[in-house]
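Results of the structural survey
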Amino acid sequence: MRKFSMLQRLIGLMLALSAAAMLSAPARAQDASQDSAQQDADAIYQSRADDIVALINGTNNVEVVFASAFLAAVPADQLTSVAQNLSAQNGQATAARVVGKQAPFAGQIEIDFPTGVAQMEMVLEPAAPHKIVGLRISGFQRSGDSFQLLSEEFGALPGFAGFAVSEIRPQGIRPIAGHNADGRFAIGSTFKLYILAEAADQVKRGKRKWSDVVPLTIKSLPSGMIQDWPTGSPITLHSLASLMISISDNTATDTLLYAVGRDKVGERVAKSGHSNPADMIPFLGTREAFSLKMPALAPLRVAFEDGDDKAQGALLTANRDTLTTTQVDPTALVSAPAHIDTIEWFASPNDLVKLLAHMQGMQDETMLGIMGINKGLRPADAGRWRYFGFKGGSETGVINLTFLGQRPDGRWFAITGSWNNAAAAVDDQAFVDLMTRLVNVAVTVE
């Protein structure tokens, strides 16, 4: 919900606490003592959440609630103004509850308003009086939200945007809601799901094992980290897949793509039910895509754009030593959208729904586990689902978020959305907010 962007800037401060201080339970304490200490910590944490309610409603004082270190960074009058704005915009806060804890005095809370639910992250001092040293409004779930409202907001985004929400059932896909669900979108790093699906299938058929080791020889640009590892470093397929999905490591992606085979991944695109597989064939690696976008390699880019699948594949093979990171100027990729209509990975929201249904149908716990490492959303939102897997992608002018979820009632849902703008950068945070709302509506749909 956009009204909270100002509030996030004002109190988007998390002060670092040492892990030792936050997890400072005595090593030799008896179980009973530990249970008692945990109950005391839970009660204190809930009490501070209640203090936030009182502060918003004008019946508490910021100096009573916040530690001096926090007030040194965010002055008391500013915090009071934020609390007053919350109440003015949403009515009196009615209740607070703890929805997650990562340590005795650190976790997530939700505050109820007549207009919806504010989601916050809160950290307390580990020692008495346990005042608040970190608070951040991380989102807002609006009451009465609906697919119709979300469709209207997607339609109002500059450029081209769309989404699809579908239930995945044994008898097939049941579409529930969508906007431009069959539109052609650049999807950024979400393409990596196709590589994961092919790797999982090769393991399932006994062609490979997740424990197979390959040398690190193909290096791309960040995102990621293993581009800085020594050339030849041994790494398992499972580690490559986990890095590719959880932190969108591009070097892991290209290494895994070559390990399982570009052509095989292209075939996986077709097997998943993609409406136009030729749009994804030959299946580009990340450093190839980065290189082809460079002004210095414009003749190669034009030849690639003009070629059919066979000619494009031949071009990639013939120029393998040219299409490397040495040709890439990263500033050319972030200053403005760069050929997002031609040098990219393309899929409609419904294509990605079909992919998720294809993957869910494989019933591969290892693959699903890899998809679930990074939930992509706040713990309070992802935590409403029994299982929640995620992959997203973005570059200048492009963003996609794709989720596979199993609700507590056992039903599986595919939720995906894309936003492209060839003329300007998209607002990533605004899109994350929209997709969060979409997920929260989907978890309650009949």
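In what follows, the structure referred to is the one given above.
Residues numbered from 1 in each chain as written. Predicted model: local features only at pLDDT ≥ 70, side-chain atom pairs only at ≥ 80, totals over all residues. Heavy atoms only, no water.

**Description of the nonpolar core**
Ranked by internal contacts, the top residues of the largest apolar core, which has 60 residues, are Tyr-194, Ile-195, Leu-196, Trp-210 and Phe-283. Top contributing element to this core by residue count: helix H8 (residues 192-204), with 8 residues. With residues near it in sequence (within four places) discarded, Leu-196 still touches Trp-210, Ala-241, Met-244, Ile-245, Met-359, Met-367, Ile-370 and Met-371. Judged by nonpolar contacts, the second largest core, of 31 residues, contains Tyr-45, Val-65, Ala-96 and Met-122. (Core = buried A, V, L, I, M, F, W, Y, C linked by side-chain atoms within 4.5 Å. Buried < 20%, exposed > 50% of the residue type's maximum accessible area, 1.4 Å probe, protein only. Helix = DSSP H or I, 4+ residues; strand = E, 2+ residues; numbered from the N terminus. Contact = heavy atoms within 4.5 Å.)

**Comments concerning the pattern of salt bridges**
Between side chains of opposite charge, a pair can form as their charged atoms come close. Scanning the model with the defined rule gives 24 salt bridges in all. Here Asp-145 and Arg-142 are joined by a salt bridge, their closest N and O atoms 3.7 Å apart. We classify Asp-145 as buried; its relative accessible area is 17%. Residue classification places Arg-142 among the partly exposed positions, given a relative accessible area of 24%. Taken together, the salt bridges that share partners define one network made up of Arg-97, Glu-110, Asp-112, Arg-378, Asp-381 and Arg-384. (Salt bridge = Lys/Arg side-chain N within 4 Å of Asp/Glu carboxyl O.)

**Focus on the layout of surface pockets**
The gaps left among the atoms become clear once a water-sized probe is rolled over them. Considered as a void within the structure, the largest pocket measures approximately 590 Å³ in volume. Around the largest pocket sit 34 residues that line it, and Ser-189, Ser-223, Gly-393, Ser-394 and Glu-395 are the ones nearest its centre. Those elements giving two or more residues to the lining of the largest pocket turn out to be helix H9 (237-246), helix H12 (286-292), helix H15 (331-334), strand S12 (387-395) and strand S13 (398-406). Take the lining of the largest pocket: its biggest share by element is 6 residues, from S12. (1 Å grid on protein atoms, 1.4 Å probe; cavity = no way out; pocket = protein on both sides within 12 Å on 5 of 7 lines; lining within 4 Å. Points joined across faces, edges and corners; volume = space filled by probe spheres on them.)

**Examining the sheet that holds strand S7 (residues 172-179)**
Strand order in this open sheet of 5 strands is S7-S6-S14-S13-S12, and the pairing throughout is antiparallel. Bordering the open sheet on either side are S7 and S12, each of which pairs with just one other strand. For this sheet, the mean angle separating the axes of adjacent strands, direction not counted, is 10°. (Pairing = 2+ DSSP bridges. Axes fitted to C-alpha atoms, helices over the stretch in contact; angles between N-to-C directions.)

**A look at the pairing of S13**
Here S13 lies mainly inside the structure; 9 of its 9 residues are buried. Of the two faces of S13, the one carrying Val-398, Asn-400, Thr-402, Leu-404 and Gln-406 and the one carrying Ile-399, Leu-401, Phe-403 and Gly-405 are both buried. For S12 and S13, the ladder comprises 9 bridges, and the chain directions are antiparallel. Along S13, the bridge assignment pairs Tyr-387 with Gln-406. Taking the residues between adjacent antiparallel strands as the criterion, S12 and S13 are bridged by 2 residues, where Gly-397 takes a positive phi near 90°. Where S13 and strand S14 (residues 412-420) come together, 9 bridges link them in antiparallel fashion. Counterpart to Leu-404 in the pairing with S14 is Ala-414.

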